[in-house]
Amino acid sequence: MSTNTTTQAHQAHANNFLAPEPFIVARLKEALADLRPQVHVLTASDLALVKEESQPTPAVHVIWNGFRVKETRLDGRVANLDHTWLIVAAVKNVRTLKTGEAARSEAGELMARAGAALMGFRPPNVAGPMRLSPSPSAGHSAGFVYLPLAFLVESVFKTELLS
């Protein structure tokens, strides 16, 4: 990550839900750099116009998946939020297309590395470390396997007019 990008992200508004994204991406790129073939780390915006059959694989997708309110101060000016970040291992392997065994195995290994890199990681602009959460089910499509892991990250959302 360039110094300019890092500086900009560090200066993000405290309420910016997406401020952790470049740090999560950088952490994953560093943790997966030695794998061959090269693992692509992609965000939702990277994937927005990509058709499934032409997507780069193997890959790890980093996707903000909303938040839930943990608690709100009585005056409504401060709330603690849990944001869900999905980290999805995406692989294509048609060697065992009928059973999907090769693709599932490859996705499992990739997710093991990606998940371990993020457990306890604390990107800037959050109130605590990334922690595992229940995640959606895996997806399968014509040799592709999508294996998600969900992480919760707490933030404090507040008005700028605190008194």
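Scoring rules and cut-offs
Residues numbered from 1 in each chain as written. Predicted model: local features only at pLDDT ≥ 70, side-chain atom pairs only at ≥ 80, totals over all residues. Heavy atoms only, no water. Salt bridge = Lys/Arg side-chain N within 4 Å of Asp/Glu carboxyl O. Helix = DSSP H or I, 4+ residues; strand = E, 2+ residues; numbered from the N terminus. pLDDT = per-residue confidence, 0-100. Contact = heavy atoms within 4.5 Å. Phe/Tyr/Trp six-rings, centres within 6.5 Å; stacked < 30°, edge-to-face > 60°. Core = buried A, V, L, I, M, F, W, Y, C linked by side-chain atoms within 4.5 Å. Buried < 20%, exposed > 50% of the residue type's maximum accessible area, 1.4 Å probe, protein only.

Let us now look at the pattern of salt bridges. As enumerated under the stated definition, the model contains five salt bridges in all. Residue D82 is joined to R68 by a salt bridge in which the shortest nitrogen-to-oxygen separation is 3.4 Å. Residue D82 is located in strand 3 (residues 78-92), and its partner R68 is located in strand 2 (residues 59-72); the two are separated by 14 residues in the primary sequence. Each member of the salt-bridge network shares a partner with another, and the members are R68, D82 and R131.

Another point: the confidence of the model for the chain. For the chain, the mean per-residue pLDDT works out to 87, and 87% of the residues sit at or above 70. Throughout residues 1-10 the model reports pLDDT below 50, and contacts reaching past four residues in sequence, or to other chains, amount to ten contacts.

So, on to the packing of aromatic side chains. Note on aromatic pairs: each is described by the distance of the centres and the angle between the planes. Counting across every chain of the model gives four aromatic pairs. Taking 6.1 Å as the distance between ring centres and 10 degrees as the angle between the ring planes, the aromatic pair formed by F144 and Y146 counts as stacked. Put simply, the rings of F17, W64, F67 and F157 pair up and form one aromatic cluster.

To continue, consider the nonpolar core. Counting residues in hydrophobic clusters, the biggest one holds 25 residues, and the most contacted among them are I24, L28, V60, V62, I87, L118 and M130. Elements with a contribution of two residues or more to this core: helix 2 (21-32), strand 2, strand 3, helix 4 (101-118) and strand 6 (144-158). With six residues, helix 4 is the single largest residue contributor to this core. Here V62 is in contact with E21, I24, V25, L28, V41, L42, T43, A44, W85, L86 and I87, once residues within four sequence places are set aside.

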